[in-house]
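Understanding the architecture of this molecule
The residues making up each chain are set out below.
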Amino acid sequence: MEKKIIVTGGAGYIGSHTCVELVKSGYTPIIIDNFSNSEKFIVDRVEELTGKKIEVEEGDCGDYEFVKSVFKKHAEVSGVIHFAAFKAVGESSNLPLKYYQNNLLSTIIMLKVMEEEGVSNFVFSSSCTVYGEPDQLPVTEDSPTKPAESPYGRTKQMCENIVTDFSKVTKGFKGIFLRYFNPIGAHPSSRIGELPIGAPNNLVPYITQTAAGIREKLTIFGNDYDTPDGTCIRDYIHVVDLAKAHIAALDYLLAEKEDCLEVFNVGTGNGNSVQEVVDTFQEVTGVKLNYEIGPRRAGDVEKVYSDATKVENGLKWKADISLAESLKDSWNWQQSLK
Ligand code: WQD
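To keep things clear, this report deals only with the structure shown in the data block.

Together, Asp 229, Glu 276, Asp 279 and Glu 283 line one region of the surface with negative charge. If you trace the backbone, Asp 279 turns up in helix H9 (residues 274–285).

A few words on the packing of aromatic side chains. Throughout the structure, instances matching the rule amount to seven aromatic pairs. A ring pair is formed by Phe 122 and Phe 173, whose centres lie 6.1 Å apart and whose planes are at 45°; its orientation type is tilted. Here Phe 122 is found in strand S5 (residues 121–127), whereas its partner Phe 173 is found in the loop between helix H6 (151–168) and strand S6 (174–180), with 51 residues between them in sequence. Just as Phe 122 is buried, Phe 173 falls in that class too.

Attention now moves to the site of the ligand. The environment of the ligand is formed by 20 residues, the closest being Ser 127, Leu 203, Thr 219, Arg 234 and Asp 300. A distance of 3.1 Å separates an oxygen atom of the ligand from a polar atom in the side chain of Tyr 152. Between the ligand and Asn 201, the relevant distance is 3.4 Å, taken from an oxygen atom to a main-chain nitrogen or oxygen of the residue. For the shell around the ligand, the elements supplying multiple residues, two or more each, are helix H7 (203–211) and strand S8 (218–221). In terms of residue count, S8 provides more of the shell around the ligand than any other element does, four residues in total. Here the residues of the shell around the ligand sort into ten nonpolar, six polar and four charged.

Moving on to helix H1 (residues 13–24). Helix length check: H1, at twelve residues, gives a terminal C-alpha distance of 18 Å against a target of 16 Å (1.5 Å per residue), a fit within 8%. The buried count for H1 comes to eleven of twelve residues, which makes it a mostly enclosed element. Every buried residue of H1 is listed here: Tyr 13, Ile 14, Gly 15, Ser 16, His 17, Thr 18, Cys 19, Val 20, Glu 21, Leu 22 and Val 23. Just downstream of H1, Gly 26 is the residue with a positive phi angle, here 90°.

For the structure shown, the criterion picks out 20 salt bridges. Lys 68 is the salt-bridge partner of Glu 116, the closest N and O atoms lying 2.7 Å from each other. Taken together, the positions of Glu 116 in helix H5 (residues 96–117) and Lys 68 in helix H3 (residues 64–73) put the pair 48 residues apart, joining distant regions of the chain. For Glu 116, a relative accessible area of 34% gives the class partly exposed. By relative accessible area, Lys 68 is classed as buried at 16%. The shortest N-O distance in the salt bridge between Lys 98 and Glu 91 comes to 3.5 Å. Owing to a relative accessible area of 36%, Lys 98 belongs among the partly exposed residues under this scheme. Judged by its relative accessible area of 29%, Glu 91 falls in the partly exposed class. Among the charged side chains, a network of salt bridges with common partners joins Lys 68, Lys 72, Lys 112, Glu 116 and Glu 117.

What counts as what
Residues numbered from 1 in each chain as written. Predicted model: local features only at pLDDT ≥ 70, side-chain atom pairs only at ≥ 80, totals over all residues. Heavy atoms only, no water. Patch = residues over 30% accessible without salt bridge, like charges linked within 9 Å, V, L, I, M, F, W, Y side chains within 5 Å. Areas by Shrake-Rupley, 256 points an atom, 1.4 Å probe, with all protein chains shown as cover. Salt bridge = Lys/Arg side-chain N within 4 Å of Asp/Glu carboxyl O. Lys, Arg positive; Asp, Glu negative; His and termini not counted. Charge placed at Lys NZ, Arg CZ, Asp CG, Glu CD. Helix = DSSP H or I, 4+ residues; strand = E, 2+ residues; numbered from the N terminus. Phe/Tyr/Trp six-rings, centres within 6.5 Å; stacked < 30°, edge-to-face > 60°. Buried < 20%, exposed > 50% of the residue type's maximum accessible area, 1.4 Å probe, protein only. Near = heavy atom within 4 Å. Polar contact = N/O pair within 3.5 Å; in protein donor to acceptor, adjacent residues only side chain to side chain. Nonpolar A, V, L, I, M, F, W, Y, C, P; charged D, E, K, R; others polar. Expected span 1.5 Å × (residues − 1).

If you want it as structure tokens, here you go:
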């Protein structure tokens, strides 16, 4: 039987890599995307990489009638992976209503239509941002969540609460929160990857655009933190490893007989500093980066990286692509955009 999976935001960075892995694992992705933060040519690239036609429903996840029509058209949907959300931390502070409306409403509508259409498997794209500045490292799923530092982070926390409350009163519902750490890298084919709109907020695309001469200089936001080299520490996970974690989550839910709601940290379990990322990038690419040390960025967490024990045992999934490999893939993707 065809295992159709609705992938909201499926033309996006993580969504597109996940669609490739879905097809490779025998699932049939159906993309819902309004292309507000993604490009249509990426779908063509997913078709090229998978050799399969990918169905796309262009529209907004916050539009009940549209979402309802998609579920009606594609009877027998086995599950939903919900990526669609605005995700720029800095922008969210300037445009809070845009973030709350989009990120919360899309989740509410997806759950409402799933319930009406009898679809019970739900994988939610969450974020380590829900932990704030952790008291203890590495971060486990039992680590306390903290007030997020941005409206973006608060939408992730609120969406987890919405799904949790919904699951308590919805018989048959099976859900998984995947709390991502820092997604980086690109498909090794260099046919899909990250497409930041405007100046990137995130470190790795800013590095590759600086290396490509698109940006004049990288600023390292602070080297006076309480870390070995003074720069912030993060858990950088290759986007293909992250995509595969979604397949593992789906496999788990489709095999699960009981109602459930599980949380998994999806990271490598290793922490790397900003300076280490810069140094590794220069080593693996041979490109000398133009960078300076600047002031701290408001809202930055000093150190956060995952304890990946639960996801490795619970989903039988483990990240295995190195930081060096990830940065090489990012650079190859950047060069393919020339
Ligand atoms: C990483 C480190 C910066 C840019 C956020 C969200 C998270 C996820 C990923 C959406 C920090 C430093 C960065 C630069 C720098 N978003 N940096 N110079 O903030 O850890 O996580 O993006 O899914 O939910 O919270 O990622 O890549 O922005 O920053 O020095 O030009 O790189 O200070 O220490 P972050 P990031």
